[in-house]
Amino acid sequence: MGFPQNFLWGAASAAAQIEGAWDEDGRTPSIWDLMPPGKISKNETCHTACDHYHRWREDVEIMKRLGLKAYRFSVSWSRVIPAKGVINPKGMAFYRNLVDALTEAGIEPMITLYHSDLPQWVFEMGGWNDDKCVEEFAFYAKTMTEALSDKVKYWFTMNEPQCMLPDFQELAGGDATQIYRNMLLAHGKAIQEMRASAGQPLKIGMVVMGMVVEALPGIMTENKAAEMTFSDLGGYMTMLRWTDPILAGKVPESMKDVLSEEDMKIICQPLDLFCVNVYGSANFYDMPGRDNPLSYPGIPKSHIGMPFRPECMYYMAKFAWERYHLPILFTENGFSNIDFVMMDEKVHDPQRIDYIHRYLLSLRRAVEEGIPVEGYLYWSILDNFEWFKGYDLRFGLVYIDYPTQKRTLKDSAFYYRDVIASNGEIL
């Protein structure tokens with residue numbers, strides 16, 4: 001059967017990781033622009049990153065060349081709202097122009113409202129520790145929807161709140177339960193504003209980090225693996241603590257004293273997709289009550305240390321569909337490799353090609369079993385600033401030489417182009 005004809009083959013990025021231009025055209029800093037010394041590897045910054053703010057036309061042309069059907073990017077909150085109640089027309093124009101160029105190139109634009117880059121001005125008023133952040137996020141969501149929802153159908157409120165919560169708490173301190181509650185309330189209020197302001201019917205989701213537990217023949221049944229995938233063993237890093245409230249209107253037992261019935265009326269808004277970032281299986285991680293039967297010395301891993309386990313795609317799609325009955329959108333999946341421009345002036349990355357091939361075969365298995373999968377977005381379109389790791393890690397289909405900003409398409413980019421052109425038939 002293979003992939004459906006309308007399958008969304010795409011790639012993804014995030015504003016803080018690629019845009020640069022941190023203090024241009026009215027933008028004010030995010031927390032990543034003013035990160036305390038020692039937090040980021042080698043004290044690197046995202047002030048220039050991939051210079052996408054100035055080179056976006058070139059980058060869209062690369063996406064068109066690869067035949068992408070979709071591109072997920074995030075908006076820099078502080079670029080469009082540089083201070084409380086202030087809308088920056090130059091910042092908004094940047095995203096409007098980007099959306100228009102993507103649409104003209106036949107690429108579906110997908111917007112993530114919040115991908116870790118909290119504006120410094122919001123941080124200074126308390127950030128996620130303060131209830132006021134909920135209202136500021138709702139205003140931001142309303143502003144963006146009014147500006148671009150006539151052109152953009154796919155929207156995501158947040159990316160990986162499981163990771164954002166501890167990162168914010170490390171910087172600001174505070175009570176994790178309060179941060180958690182405010183993030184969920186902000187998600188819910190944002191959706192209320194988006195639905196009310198939308199210029200067309202929207203497809204909305206929240207992107208979670210998919211820590212899936214695989215079934216293992218003779219060791220772990222599918223039922224047990226599904227139960228552990230959606231358990232509360234890992235605290236705020238688990239999916240269930242986020243997905244059950246927003247998708248099923250259920251409060252996890254551990255959060256009964258945190259989320260009230262009134263909270264849940266706001267938090268649980270109708271969503272259109274189960275959006276998930278998947279890189280590997282949780283079987284390999286040391287979590288309470290969990291064995292690691294597949295972990296052994298020398299196990300294949302990416303440069304960042306993520307175990308190579310393609311089966312995670314199939315089990316993530318299967319378990320999410322069985323629990324929530326929403327179409328699945330894989331909003332991130334990718335491989336960090338040791339890449340460099342070789343003597344022939346090309347970037348040869350056979351490990352990444354093999355990774356993409358095997359992970360997509362696993363995804364195809366889910367599709368062929370009738371699980372509705374909306375699309376697959378490779379992370380990432382460009383090598384980029386990888387948060388606390390700085391520029392040491394390369395996930396991109398496109399190699400960035402940071403001193404010159406020269407773009408070089410890797411072998412994996414051409415391979416992915418051929419996968420897209422064949423709608424997965426070459427797998």
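Located above this text is the structure these notes cover.
Every chain is numbered on its own, with residues counted from 1 as its sequence reads. Side-chain atom pairs in this predicted model are given and counted only at pLDDT of 80 or more, local residue features only at pLDDT of at least 70, and totals for whole chains, interfaces and linings cover all residues. Side-chain metrics in this entry use all non-hydrogen atoms of the structure; hydrogen atoms and water are not considered.

Novice: I tried to follow the environment of Glu 374 on my own but got confused; where do I start?
Specialist: Helix and strand assignments follow DSSP, with helices taken as H or I runs no shorter than four residues and strands as E runs no shorter than two, numbered in order from the N terminus. If you trace the backbone, Glu 374 turns up in strand 8 (residues 373-379). Note: C-alpha distance between Glu 374 and Ile 328 (46 residues apart in sequence) is 5.7 Å. Contacts are residue-level and defined by heavy atoms, with any inter-residue pair within 4.5 Å sufficient. Setting aside residues no more than four positions away along its own chain, Glu 374 makes contact with Phe 7, Leu 8, Tyr 154, Lys 203, Leu 273, Pro 327, Ile 328 and Leu 329. Engagement of the side chain of Glu 374 in a polar contact is seen with the side chain of Lys 203, the distance being 2.8 Å. In protein, a polar contact means a hydrogen-donor-capable atom and an acceptor-capable atom, both N or O and within 3.5 Å, with residues adjacent in sequence counting only if both atoms are side-chain atoms; elsewhere, any N or O pair within 3.5 Å suffices.

Novice: What should I look at first to understand the pattern of salt bridges in this one?
Specialist: If the charged atoms of two oppositely charged side chains come close together, the side chains can form a pair. For this document, the term salt bridge refers to a Lys or Arg side-chain nitrogen within 4 Å of an Asp or Glu carboxyl oxygen. Considering all chains together, one arrives at 32 salt bridges under this definition. Here Lys 132 makes a salt bridge to Asp 130, at a shortest N to O gap of 2.9 Å. The classification of residues rests on relative accessible area computed with a 1.4 Å probe and restricted to protein chains. Under 20% of the type maximum is buried, over 50% is exposed, and intermediate values are partly exposed. Given the relative accessible area of 22%, Asp 130 is considered partly exposed. Linking Arg 365 and Glu 369 is a salt bridge whose minimum nitrogen-to-oxygen distance equals 3.7 Å. A relative accessible area of 37% places Arg 365 in the partly exposed class. Residue Glu 369 is classed as partly exposed on the basis of its relative accessible area, which comes to 46%.

Novice: Even after reading the chapter, I still don't get a nonpolar patch on the surface, so can you show me in this structure?
Specialist: Without a salt bridge and with relative accessible area above 30%, a residue can belong to a patch; like charges are then joined within 9 Å and nonpolar side chains (Val, Leu, Ile, Met, Phe, Trp, Tyr) within 5 Å. Here, Shrake-Rupley sampling with a 1.4 Å probe gives the accessible areas, and only protein chains in the shown set may cover a residue. On the surface, a cluster of nonpolar side chains totalling about 290 Å² of accessible area is made up of Ile 338, Phe 340 and Met 342. Using a relative accessible area of 59% as the deciding quantity, one classes Ile 338 as exposed.

Novice: What should I look at first to understand the sheet that holds strand 3 (residues 108-114) in this one?
Specialist: Only strands joined by at least two bridges in the DSSP assignment are considered to pair. The strand order 1-2-3-4-5-6-7-8 describes a closed barrel built from eight strands, whose pairing is parallel. Neighbour-to-neighbour, the strand axes of this sheet turn through a mean angle of 25°, independent of strand direction. Both strand 1 (residues 8-12) and strand 8 contribute to a ladder of five bridges, which runs parallel. Looking at the pairing, Leu 8 lines up with Gly 375 of strand 8. For helices, the axis comes from a line fit to the C-alpha atoms of the stretch in contact; other axes are also lines fit to C-alpha atoms, and the angle between any two N-to-C directions lies between 0 and 180 degrees. The strands touched by helix 8 (residues 176-197) are strand 3, strand 4 (154-159) and strand 5 (203-209); relative to strand 4, the strand with the most contacts, the crossing angle is about 165°. Against the sheet, helix 13 (residues 350-368) makes contact with strand 1, strand 7 (328-332) and strand 8, and its axis sits at roughly 170° relative to strand 8, the strand it touches most.

Novice: Would you mind going over the nonpolar core with me for this structure?
Specialist: One recurring pattern in soluble globular proteins is that nonpolar side chains are buried together. Counting residues in hydrophobic clusters, the biggest one holds 153 residues, and the most contacted among them are Trp 128, Phe 137, Trp 155, Phe 274, Met 316, Phe 330 and Tyr 376. Considering every element that reaches this core, the biggest residue donor is helix 8, with ten residues. Discounting residues that sit within four places of it in the chain, Phe 274 has contacts with Val 208, Phe 230, Met 239, Thr 243, Leu 247, Met 316, Ala 320, Tyr 324, Leu 326, Pro 327, Ile 328 and Leu 329. The term nonpolar core refers to a set of buried residues drawn from Ala, Val, Leu, Ile, Met, Phe, Trp, Tyr and Cys, joined through side-chain atoms within 4.5 Å.

Novice: Is there a simple way to explain helix 13 in this structure?
Specialist: Here a helix's expected span is defined as the number of its residues, less one, multiplied by 1.5 Å. If you check helix 13, its first and last C-alpha atoms are 27 Å apart, about what 19 residues at 1.5 Å a residue would give, namely 27 Å. Those residues of helix 13 that are buried lie in contact with strand 1, helix 12 (311-324), strand 7, strand 8 and helix 14 (411-421).

Novice: How do you make sense of unusual backbone geometry when you look at a structure like this?
Specialist: With the exception of glycine, most residues fall at negative phi, and the peptide bonds are largely trans. The step from Trp 379 to Ser 380 runs through a cis peptide bond, and the omega angle for that step is 0°. Among the structural elements, Ser 380 can be located in the loop between strand 8 and strand 9 (398-401). One non-glycine residue, Asn 43, adopts positive backbone phi at about 55°. Mapped onto the elements, Asn 43 comes out in the loop between helix 1 (15-18) and helix 2 (52-66). Of note, Ala 49 is a non-glycine position whose phi angle comes to about 50°, a positive value.

Novice: What am I meant to see in the packing of aromatic side chains here?
Specialist: How two aromatic rings sit relative to each other is given by the distance of their centres and the angle of their planes. Think of it this way: a Phe, Tyr or Trp ring, Trp meaning its six-membered ring, pairs with another when their centres are within 6.5 Å, and the plane angle makes it stacked under 30 degrees, edge-to-face over 60, tilted otherwise. Applying the stated criterion across every chain yields a total of 35 aromatic pairs. Where Phe 3 meets Phe 7, the ring centres are 4.8 Å apart and the plane angle is 50°; that geometry is what we call tilted. Across the pair, Phe 7 and Phe 3 agree in class, each one buried. A network of ring pairs unites the aromatic residues Phe 3, Phe 7, Trp 9, Tyr 376, Tyr 378 and Tyr 416 as a single cluster. Remark: a charge is flagged as sitting over a ring if the NZ atom of Lys or the CZ atom of Arg is within 6 Å of the ring centre and within 35 degrees of the ring normal. The cationic tip of Arg 72 hangs over the ring face of Phe 156; the distance from NZ or CZ to the ring centre is 5.8 Å.

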